[in-house]
Amino acid sequence: MPPKGQQQQVEQEEEELQAVILADSFNARFRPLTVDRPRCLLPLLNVPLLAWTLESLAAAGVKEVFVFCCAHAERIKDWLSTSQFSSNLSTIKIHPIISNSSLSTGDALRELDARQLIVSDFVLISGDVVSTVNIEDIVNEHRERRKKSKDAIMSIVCREVGGVHRLRPLPEAPVFVINPTTAQLHAYTTLSHPSVHRSTSEKRAAIPYEILESNEELEFRNDLVDCSIDICSVDVPLLFTENFDYQDLRHDFVNGILTSDLLGKTIHVHVVSENEGYAGRVRDGRSYAAISKDIIARWTFPMAPDENMPDGQRYEHRQNYQYIGKEGIVLAQSSTVSSHSLIGSHATLAEHTRIERSVLGQRVTVGASTTVRESYVWEGARIGADCLLEESIVGHGAVLQDGVVLERGCLVGEGVTLGKGVHLPAFSRVGRTRWNEEEEDEETEEEKERLRVLGPDSIGYLWPADMVTDAGEEESDDEEGEDPLSVAFSRLGHRAPSPTPSGTSTLSTISRASSPALSVHSSAASVQGIPTLSLDPSSSADFHSECVQSLERAFDEGHSIDNAAIELKTLRMASNVPLREVRKVVINFVVGRVPAAVPGKRPAEVMDDVESVMGKWAQLIEQMTGEDQVEALALLQDFCVSHPSHTPLFPALLRSFYDHDVATEEAIYEWYKTPEARGEAGSMHRDLWEKSRRFIEALLEASDSEEESEDESD
């Protein structure tokens, strides 16, 4: 038997990694979808959110998980008992903790401390996180830091995405002030997107002056997504117990630790790079759609619909990110399913239905001539004929009769029936029960409004809709004390207006050497005008600059076309801009690299100049073009119109687009017939259109010759 000290050391090294899942979000952003179902069991690509989180932990080497349940606790417990994570083959042990009194994260951690279940450093994670990050490595990094200083009590996991990203919450985008050498967090705050508060013309971050003096360098980061994954020491629950003012994990606890002169504790940040994996939290409808699209686009590989879904479901992966269930699918011959869509098993699509970038659950039926666009229809729902769904969520077992229209941002709760011809305005919410159970008077204005909008054949009740007016003022009647503005801007389908940008960069570094003079307000140094705190809603300037830099590297360093395309697609995903913007930047850059026209050059020499660039890089344009070939030709024409040095090259470039399969004959004919290509009489567009006629005629003659040859051979 080894000595006692050595035995304790062996036991410590063999400690199983523990995790605590907060299964309750302590907000109401998915209501009425969560009236009868816990939020952590809402489906994400037909898989409960909690299953995604448990799969992430299991893949990261976590051995023991405590699931902290509040709302619908028994239902969560029942699901856990029958899930694959409770089978004999599971690598994790799951212990549900039921609490009927916890109303916040602070309450949950105080109860966790009271039960004395945590014995070492642990992972604290929300029950709606999707992650492929190797959490075990981050835990080891945290433990090494703890060996040097027991005051290092927490490591916050963030993912680098850029200043404007669809996973960054508009009204409360986090800003981290970090020492880049030690990764220590020195200040934390949130800033509103300019479209949320129109009066916000100046961004300011106040940090204690002594922090500036004691750090050689600080980074202001507003290019990070908070993943809601924290590595915590056993001190964290104890600190919550000692301070009942701590309710929110970030605003209360983190800021409380950072501003305390007595505790002396430190918090660090681990920034996950793109190569380290994916991580994101389903905070609201906006992020629900974003993460759904990321999974479909395989950013979460190896967790992908056709590879490794957490609940064992498998889908057939067709072209352009189409995923079709492998059992009982009925697709009418005239129905269409677009790219970036997922259809669950036993779903039925009638004649002339259109599913566009949407997700359908198992046993969903869709009637004839119905269009479902960027929407999420959950298990067992039935959609009638001639319906239109735009950026909405339809709950389990809901019924939409013929002719129903859902404008963007609508939530239709579980078991609701919408009568024939019902038209829901944008951001409407309909639940099976009243939102205010105390109101029972059938003659109220609320009931009159229900009958006006839903009609007599519907089964359900209108819930207050949270909206933001054009002036940026909030209109809200619900969400139980949450900031109405945060709720409104978190809605699925919300589109922020685009105020004038005040800056571009998403990261700033300040140092004592570079900032010898700092203005002081009260007891804090106020760093103004730092580009990192600018939140440009469109980020077009940032995106254009980053794309050009990426293309310059690709040209100068001889990157492969595939690598160049991957980097551009990554930039597009991070900046959340339309594909047309990428296409425009690529065409302008590549065509701009073709040597300018020189008077007196022979046509063969001009083609040689064009081919010196297009011979390789036309393939990149082709990858960025896809089926939008007419638009690519229009962009080529626009570039040559606006760049006199390349105007004479247009016929040669048009031929090169054809030779390298950027545009087919049919696309060129279609472009030639458009009013935009023809332009007005005397315009430069008209001039280039006329100069292209000779090439068009050559294509037609070649086509006629081929047909004649085929006729003669017959």
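Source: prediction; values computed, not measured.

Observations concerning the pairing of strand 10 (residues 185–191)
- Of all 7 residues making up strand 10, 5 are buried, and the element is well covered by its neighbours.
- The pairing of strand 9 (residues 173–178) with strand 10 spans 6 bridges and is classified as antiparallel. Residue pairing across strands places Phe 176 opposite Tyr 188, the latter belonging to strand 10.
- What sits between strand 9 and strand 10 in their antiparallel hairpin is a turn of 6 residues, with Ala 183 showing a positive phi close to 65 degrees.

Digging into unusual backbone geometry
- The step from Arg 31 to Pro 32 runs through a cis peptide bond, and the omega angle for that step is 10 degrees.
- Among the structural elements, Pro 32 can be located in the loop between strand 1 (18–22) and strand 2 (43–44).
- With an omega of 15 degrees, the peptide bond running from Phe 301 to Pro 302 counts as cis.
- Within the secondary structure layout, Pro 302 lies in the loop between helix 9 (285–296) and strand 16 (315–318).
- The phi torsion at His 72 lies on the positive side, around 55 degrees, for a residue other than glycine.
- Here His 72 is to be found in the loop between strand 4 (64–69) and helix 3 (73–82).
- Here His 72 falls in the partly exposed class, since its relative accessible area comes to 28%.
- The backbone of Asp 386 sits at a positive phi, close to 60 degrees, despite the residue not being glycine.
- Looking at the secondary structure, you find Asp 386 in the loop between strand 27 (382–383) and strand 28 (388–390).

Side note on the environment of Gln 319
- Relative to the helices and strands, Gln 319 is located in the loop between strand 16 and strand 17 (322–325).
- Judged by relative accessible area, Gln 319 falls into the exposed class, the value being 60%.
- In this structure, the C-alpha to C-alpha distance between Gln 319 and Ser 339, residues 20 residues apart in sequence, is 7.5 Å.

Overview of the packing of aromatic side chains
- Tallied over the entire structure, the rule returns 13 aromatic pairs.
- Judged by centre distance (6.1 Å) and plane angle (70 degrees), the rings of Phe 30 and Tyr 288 are edge-to-face. Separated by 258 residues along the polypeptide, Phe 30 in the loop between strand 1 and strand 2 and Tyr 288 in helix 9 bring together distant segments of the chain.
- Under the relative-accessibility criterion, Phe 30 is labelled buried at 2%.
- Judged by its relative accessible area of 2%, Tyr 288 falls in the buried class.
- Ring plane angle 15 degrees and centroid distance 4.7 Å describe the contact between Tyr 672 and Trp 689, whose orientation is recorded as stacked. Residue Tyr 672 is found in helix 18 (residues 665–673), and its partner Trp 689 is found in helix 20 (residues 684–691); the two are separated by 17 residues along the sequence.
- For Tyr 672, a relative accessible area of 16% corresponds to the buried category.
- Linked through ring pairs, Phe 30, Tyr 288, Tyr 376 and Trp 378 together constitute an aromatic cluster.

Some words on the sheet that holds strand 25 (residues 371–373)
- Strand order across the open sheet formed by 6 strands is 19-22-25-28-31-34, with parallel pairing between neighbours. Two strands in the sheet have a free side with no partner beyond their single neighbour: strand 19 (336–337) and strand 34 (423–424).
- Sheet topology places strand 22 (residues 354–356) next to strand 25; 3 bridges connect them, and they run parallel. Opposite Arg 354, over in strand 25, you have Thr 371 as the bridge partner.

With respect to the pattern of salt bridges
- Within this structure, the stated rule accounts for 32 salt bridges.
- Salt-bridge contacts for Arg 250 lead to Asp 226; the nearest nitrogen and oxygen are separated by 2.6 Å. One end of the pair, Arg 250, is in helix 8 (residues 249–259); the other, Asp 226, is in strand 13 (residues 224–232), and 24 residues separate them in sequence. Here Arg 250 and Asp 226 have matching classes, each one buried.
- Of the charged contacts in the structure, one is a salt bridge between Arg 298 and Glu 307, with a shortest N-O distance of 3.9 Å.
- Bridged by salt links that share partners, the residues Asp 121, Arg 143, Arg 146 and Asp 235 form one connected network.

Procedures and definitions
Residues numbered from 1 in each chain as written. Predicted model: local features only at pLDDT ≥ 70, side-chain atom pairs only at ≥ 80, totals over all residues. Heavy atoms only, no water. Buried < 20%, exposed > 50% of the residue type's maximum accessible area, 1.4 Å probe, protein only. Helix = DSSP H or I, 4+ residues; strand = E, 2+ residues; numbered from the N terminus. Pairing = 2+ DSSP bridges. Phe/Tyr/Trp six-rings, centres within 6.5 Å; stacked < 30°, edge-to-face > 60°. Salt bridge = Lys/Arg side-chain N within 4 Å of Asp/Glu carboxyl O.

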